[in-house]
Amino acid sequence: MRERDVMERYVKKLVFVTMVLISSPAVLLAIGADPNGSATLAADPTAAVNFAWVLVAAFLVFFMQAGFALVETGMCKAKNAVNILTKNFMDFSIGGLAFWAFGFAVMFGGSAAASGLGLGNKIIGYSGFFLSGAAYDVSTAELWLFQLVFAATAATIVSGSMAERTKITSYMAYSFIVSAVIYPIYGHWIWGGGWLSQLPFGAGAVDFAGSGVVHTVGGLMGLTGAAVLGPRIGKYDENGVPRQMPGHNMAYVVLGTLILFFGWFGFNTGSTLAATDLRISVIAVNTFLAGVTAAVVVVYWIYLKTAKVDLLAAANATLAGLVSITASCAYVPPWAAVVIGAIGGFLMLWGMNFIEKTLKIDDPVGAISVHGVAGLWGVLSVGIFADGTYGGVSGLIAGNTSQILAQAISAVVLVVYTLTVGFLTFYGLKKTMGLRASKEEEEMGLDISEHGITCYNQ
Amino acid sequence: MRERDVMERYVKKLVFVTMVLISSPAVLLAIGADPNGSATLAADPTAAVNFAWVLVAAFLVFFMQAGFALVETGMCKAKNAVNILTKNFMDFSIGGLAFWAFGFAVMFGGSAAASGLGLGNKIIGYSGFFLSGAAYDVSTAELWLFQLVFAATAATIVSGSMAERTKITSYMAYSFIVSAVIYPIYGHWIWGGGWLSQLPFGAGAVDFAGSGVVHTVGGLMGLTGAAVLGPRIGKYDENGVPRQMPGHNMAYVVLGTLILFFGWFGFNTGSTLAATDLRISVIAVNTFLAGVTAAVVVVYWIYLKTAKVDLLAAANATLAGLVSITASCAYVPPWAAVVIGAIGGFLMLWGMNFIEKTLKIDDPVGAISVHGVAGLWGVLSVGIFADGTYGGVSGLIAGNTSQILAQAISAVVLVVYTLTVGFLTFYGLKKTMGLRASKEEEEMGLDISEHGITCYNQ
Amino acid sequence: MRERDVMERYVKKLVFVTMVLISSPAVLLAIGADPNGSATLAADPTAAVNFAWVLVAAFLVFFMQAGFALVETGMCKAKNAVNILTKNFMDFSIGGLAFWAFGFAVMFGGSAAASGLGLGNKIIGYSGFFLSGAAYDVSTAELWLFQLVFAATAATIVSGSMAERTKITSYMAYSFIVSAVIYPIYGHWIWGGGWLSQLPFGAGAVDFAGSGVVHTVGGLMGLTGAAVLGPRIGKYDENGVPRQMPGHNMAYVVLGTLILFFGWFGFNTGSTLAATDLRISVIAVNTFLAGVTAAVVVVYWIYLKTAKVDLLAAANATLAGLVSITASCAYVPPWAAVVIGAIGGFLMLWGMNFIEKTLKIDDPVGAISVHGVAGLWGVLSVGIFADGTYGGVSGLIAGNTSQILAQAISAVVLVVYTLTVGFLTFYGLKKTMGLRASKEEEEMGLDISEHGITCYNQ
């Protein structure tokens, strides 16, 4: 009951603040810069194809929510399936409102990337709240949708690492916080015109489609969440040796991975924000090659050691390959995508092992390694493999030794920032709302205790 | 056997009429207005991006068939899974042929919306049958595909309300009728240049992407079907109190809902029929916000009452939010989408209760409330929240009191029309082919009785 | 162990050759023709919409991998589910690398279809390896991605026919061979400027989106694989009468079929390689009509004989209708798509029977008939129904008797070529790596024996 009271207060306050913010007639009835779009099209006839491109890409990225839901559900036990489905469903819903109200303004305020985003500094933005006023504009709306689905991706990565033992109401509170503040701040530093993008090395820190901004943020937030929670009951034996806890449906895992791969094409190619930027074809090729290479090398590597073809490793390797290429997809040639993907696959394997056996953090789906570790590799690899053909970004192979410096600084900042705010957030939630389900609830399964239903019936 | 004879006669007649209609050499060998497309492109170079936009949107809407199939299957019992899958599969197949042969001509004849659609009046259209003659044209084909997937959406909504007790052959006959005649007639009145669109209030009745045309038609047809059928065995106890009959797979429900959400972006944004109409970005944002807001408010509302996070309610609320915004998505600002979605979510909850407990109509998936009730709210909300920035449509918030009148008339007509033809259709089917499976078949499950197989095996 | 040694040698050799080929600094650091895209856009401003169109279509076709995985998994037994999922996952991964390294160069070398594809003759191509040198270009990358997903489709069709009894390592070796050499060679003859496309009849042999190039190649490769393997244990009784072996999840089959249908829109309409070719709308309409007509006629046909509505037949008929229209989708009017689809559906039924009962080849999912038989009908039907409105292709209905000759020659060559190299390949694999799992493994299920896990757990 206490928890519900906390919830109730929290909801009431939020509703109140929101109402005040958006209910002044000035805001409600303000007509934005170009909410209709005719002026924008007249000024730039290529806007039609570019809007179409970015929106379709955004739809594809949105669909990745289904991929995450399936991968995580398949890797968990049947008794927690409703719970993990609910987390995946509610995090983008709550996060979506948070990003509309606050997150987008924090991330892009001051970037002048579209109408109504004028206020902000190198650390934080503060304009574009609620897409109101001058932000009620077709270009701003286009940018918002694309950025929203990225925020939702970062947010949902965490549900996997914290699966099978987290209180759902606390998870929903986390969803709000990460989408309103945590994700947007580092995002502002890289994509909103913030200080990391202005580092005086190479082209400043770059991260084309978000290996770091999206995936490492999600992966390392997941690490802090899983660490604060502690492992699932039974994960480690009395000697601290981890036990295998197989998921309940591999078909969901494969379907989910393929949906993620499908959506990733939108994730990476849409990040040009324009179809008139024909580099989109090379980006798509690089995305594909990195994903499949990781699967192939990891599968054969494991086969040579165990004589088994490991489907779960193939799926996770593919995702790690995709995460790895996300930062560099626009800057590198296809052969480098193959190399980046292959290394990303092996790093994922190493990370999985390190997190489970050395750090003794229990990550039921491997999201920390897939997104966090491979994401860091992605950020760094830009500084190595960028060939200078695109965006003025050159790495070591093009004889430029300064870009790698910007990337390394960005990676260090990313790790320090995310671990710090992640631990603060989850520790705060633990001390207020409580973070972990009770022992009885966990053993019974969260579906019955938190939702009162089971996933499967006759 | 009697039923098969009816079927056989029905199929033979249909085949005969179809063959006569399309087999004259004049029709077969007629070369349409511009079947090649080069003249169309020469006359309008923006046709390329607009065709691409509308076709991709149509593909997304087509994919919603998978969403409906999964949501309904997940909410039904395993013993009826093949049956509900088959209904979802066959309704768009049969409906597709019906819309090709007849429905499109009834709906768009006289609209002059594309080549070969010249004949029709304010009540009904009658040109464009079989996409033949002058309707063999790239613009007509583009319009047909987009409209077809809408017709298929309306048709398939009904399968959910009538699930677990309907004879499949009668359901397939219904699919033909709804797509050939019932859906197109109201559609003609709103989108085909018919009388409701010409009402002398505001901009006439408008329904941007079909809250009413598609969803309320589907939802209320479902109401009539479910009412004529009666409830499933065991749904109500001896005192008329409804029993919970939980579905068999919540993962299907969530995946299906996410597929529907994904497809809805095409549904609403494609309804501009042009990417050169940059309002598409605002439409996409509004669609997203209405869907997620409904989920968030309904989930927290239920949580405050029951201390459970209700995944099924979240899914249905999301769909209700999406249905609600469908009519107004192009006309309202983002904050209004949030309000419309929230109200749509609560109306869905109220409707669900009212239909089950007061009307005592058994709707296994809640489609009547999700599509019918929320759809009516969507039609009305245009008259309240349209802000005048797009399409010359202004509602109460922009100081225009006449649009709401057109919307209200349209809503009343919609209810009266759909309930009338719906009851006539299902009552007619009941008296001829029979509508309901036998008690034995229902208890055994329709998979064995109607299909001779089970959905799940070792 | 012997097998792993073979594998190990094979992998090591491949890695070595690949490294040599791509590691020379000349290749690595070569800057392609226009890797950035600005020159290409400047030369042709419509490139933006055409790139967007082709890439989105390619993403949709990629997603068909999920459709194949689900259809095949649903039609197999639960004890082989991980195995069939793995095959579907690894074939496009391995095939993707093979097509990058070799296949694309074999297929399009000499076609001059894009930069870096200058070398090749009428029989085989030999430029564009590794997308390196002048093939590092935005137009070449765009073409590559679209062609890659087609190659992956052809490759994955085979896994169904060979399901439930094939050694996975041999299947993975096959994936490499088919994507590197077998598929590209016939593809070169039709799409790469090869000899069949230059036949002096009609417009030369044509196959718009690959009824023959993709589907018949896949289907007949599957025939040779299934024939060399022999039937599953228990498929035929002592009198050689086939037994029904029902699949384990019909929901996967339906979802998979709908995903394939969704992707097919990209498959067929993307094959214009341009959105400025407005015929895309007619192609989409034809695709839809052929698919649904096949389902409707086959379902009613079976219903009149058995009084059951056969969902599995509906799914396979839809796929057969789609395969049938793939070659002719751009050349025929909508009414002809209906006829082609209907005939394709019946041919699929006939083929299924013929292959199972007369040839006594065990094809667990019916892929040989769905893709091989319907694909041949698709190739031939171009010569009958092309109406001369597009691409200068006219068939019998337009009074041209020479196109059917080109199509017939192409079909004969296709059958002879595919059966020959298919038998050689699978016979070769049988004699070296071994092709079939042991009796014990097959009875236990391949999931445990090849992968060490089960698909479903608590």
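In this text, all values refer to a predicted model and were calculated from it rather than measured experimentally.

Applying the stated criterion to the full structure yields 15 salt bridges over all chains. In this structure, lysine 235 of chain B engages glutamate 356 of chain B in a salt bridge whose closest nitrogen and oxygen atoms are separated by 2.8 Å. Highlighted residues: lysine 235 of chain B in the loop between α8 (211-229) and α9 (250-269) and glutamate 356 of chain B in helix α12 (residues 334-358), separated in sequence by 121 residues. Residue lysine 235 of chain B is classed as buried on the basis of its relative accessible area of 5%. Three or more residues joined by partner-sharing salt bridges are found here, namely Glu164, Arg232 and Asp362 of chain A.

Here the focus is the relation of the copies chain B and chain A. Superposing chain B onto chain A requires a rotation of 120° together with a translation of 0.0 Å along the rotation axis, leaving an RMSD of 0.0 Å. Taken together, the rotation and translation describe the operation of a three-fold axis. Every residue of chain B has its C-alpha some distance from the rotation axis, and the shortest such distance is that of valine 49 of chain B, at 3.5 Å. When you check the interface residues of chain B against chain A, a mere 13% turn up at the interface there too, and the two sides of the contact use different surfaces.

Turning our attention to the interface of chain C and chain B. Listed by partner, the interface residues are 61 residues for chain C and 66 residues for chain B. Here chain C and chain B share an interface that buries about 5300 Å² over both sides, 79% of which is from carbon and sulfur atoms. Along the contact surface separating chain C from chain B lie zero salt bridges. Applying the counting criterion to the chain C and chain B interface returns 13 residue pairs in polar contact (both at pLDDT 80 or more). A per-element tally of the side of chain C that touches chain B places helix α10 (residues 280-306) of chain C first, with 17 residues.

A few words on the relation of the copies chain C and chain B. Aligned on chain B, chain C shows an RMSD of 0.0 Å; the corresponding rotation is 120° and the shift along the axis is 0.0 Å. Interface residue correspondence from chain C to chain B reaches only 13%, placing this contact among heterologous pairings that use different surfaces.

Here we take up the interface of chain B and chain A. Contacts between the two partners involve 61 residues from chain B and, on the opposite side, 66 residues from chain A. Summing both partners gives a buried area of about 5300 Å² for chain B against chain A, and 79% of it is carried by carbon and sulfur. Counting the contacts that link chain B with chain A gives zero salt bridges. Of all the elements in the fold, those that place two or more residues in the side of chain B that touches chain A are α4 (47-75), α9, α10 (280-306), α11 (311-326) and α12 of chain B.

All names here are of chain C. Between the first and last C-alpha of helix α13 (residues 367-385) there are 25 Å, a value that for 19 residues agrees with the 27 Å anticipated at 1.5 Å per step. At valine 379, α13 is deflected by roughly 25°, the largest bend along its length. Within α13, 16 of the 19 residues are buried, which leaves the element mostly enclosed by the surrounding structure.

Below, the discussion takes up a nonpolar patch on the surface. All names here are of chain B. Where nonpolar side chains cluster on the molecular surface, the patch consists of Leu119, Ile123, Ile124, Tyr126 and Phe129 and spans about 430 Å² of accessible area. Secondary-structure assignment places tyrosine 126 in the loop between α5 (81-108) and α6 (138-161). Overall, tyrosine 126 belongs to the partly exposed group, its relative accessible area being 41%.

Below, the discussion takes up unusual backbone geometry. Residues and elements named next belong to chain A. Even without being glycine, leucine 273 reaches a positive phi, approximately 60°. If you trace the backbone, leucine 273 turns up in the loop between α9 (250-269) and α10 (280-306). Leucine 273 gets classed as partly exposed once you look at its relative accessible area, which sits at 36%. You will see that lysine 360, though not glycine, has its phi angle at about 55°, which is positive. Given the relative accessible area of 38%, lysine 360 is considered partly exposed.

Our next topic: the packing of aromatic side chains. One pass over the full model with this rule turns up 107 aromatic pairs over all chains. Judged by centre distance (4.3 Å) and plane angle (5°), the ring pair of phenylalanine 63 of chain B and phenylalanine 262 of chain C falls under stacked. Taken together, the residues span two chains, with phenylalanine 63 of chain B in helix α4 and phenylalanine 262 of chain C in helix α9 (residues 250-269). By the burial criterion, phenylalanine 63 of chain B is buried, and phenylalanine 262 of chain C matches it. In this structure an aromatic cluster arises from ring pairing among Phe59, Phe62, Phe89, Phe92, Phe99, Phe104, Phe108 and Trp144 of chain A together with Phe261, Phe265 and Phe288 of chain B. Sitting over the face of the ring of tyrosine 171 of chain A, lysine 87 of chain A holds its NZ or CZ atom 5.9 Å from the ring centroid.

Right, let's get into α10 of chain A. Residues and elements named next belong to chain A. With 27 residues, α10 extends 39 Å from end C-alpha to end C-alpha; this agrees with the ideal 39 Å at 1.5 Å per step. Extensive coverage of α10 is indicated by the burial of 22 of its 27 residues. Once α10 finishes, alanine 307 follows within two positions and takes phi at roughly 60°, a positive value.

On to the side chain of threonine 326 of chain A, then. With respect to the helices, strands and loops of the structure, threonine 326 of chain A is situated in helix α11 (residues 311-326). Ignoring sequence-local partners within four residues, the contact set of threonine 326 of chain A consists of Phe208, Ala209, Gly210, Ser211, His215, Trp264, Phe267 and Asn268 of chain A.

A few words now on the packing of α4 of chain B against α10 of chain C. Where α4 of chain B contacts α10 of chain C, the axes come no closer than 10 Å and their chain directions differ by 20°. With respect to their mutual orientation, α4 of chain B and α10 of chain C come out roughly parallel. Relative to α10 of chain C, the crossing made by α4 of chain B is left-handed. From α4 of chain B, Phe51, Leu55, Phe59 and Phe62 of chain B reach across to α10 of chain C, where they touch Ile280, Ser281, Ala284 and Phe288 of chain C. A per-class count over the contact of α4 of chain B with α10 of chain C returns seven nonpolar, one polar and no charged.

Calculation notes
Residues numbered from 1 in each chain as written. Chains lettered and ligands numbered in written order. Predicted model: local features only at pLDDT ≥ 70, side-chain atom pairs only at ≥ 80, totals over all residues. Heavy atoms only, no water. Salt bridge = Lys/Arg side-chain N within 4 Å of Asp/Glu carboxyl O. Helix = DSSP H or I, 4+ residues; strand = E, 2+ residues; numbered from the N terminus. Buried < 20%, exposed > 50% of the residue type's maximum accessible area, 1.4 Å probe, protein only. Least-squares fit on C-alpha atoms with pLDDT ≥ 70 in both. Contact = heavy atoms within 4.5 Å. Buried area = accessible area lost by both parts, 1.4 Å probe. Polar contact = N/O pair within 3.5 Å; in protein donor to acceptor, adjacent residues only side chain to side chain. Expected span 1.5 Å × (residues − 1). Bend = angle between axes of the 7 residues up to and from the residue. Patch = residues over 30% accessible without salt bridge, like charges linked within 9 Å, V, L, I, M, F, W, Y side chains within 5 Å. Areas by Shrake-Rupley, 256 points an atom, 1.4 Å probe, with all protein chains shown as cover. Phe/Tyr/Trp six-rings, centres within 6.5 Å; stacked < 30°, edge-to-face > 60°. Lys NZ or Arg CZ within 6 Å of the ring centre and 35° of its normal. Axes fitted to C-alpha atoms, helices over the stretch in contact; angles between N-to-C directions. Parallel < 35°, antiparallel > 145°, perpendicular 65-115°, else oblique. Left-handed = near helix turned anticlockwise from the far one by under 90°. Nonpolar A, V, L, I, M, F, W, Y, C, P; charged D, E, K, R; others polar.

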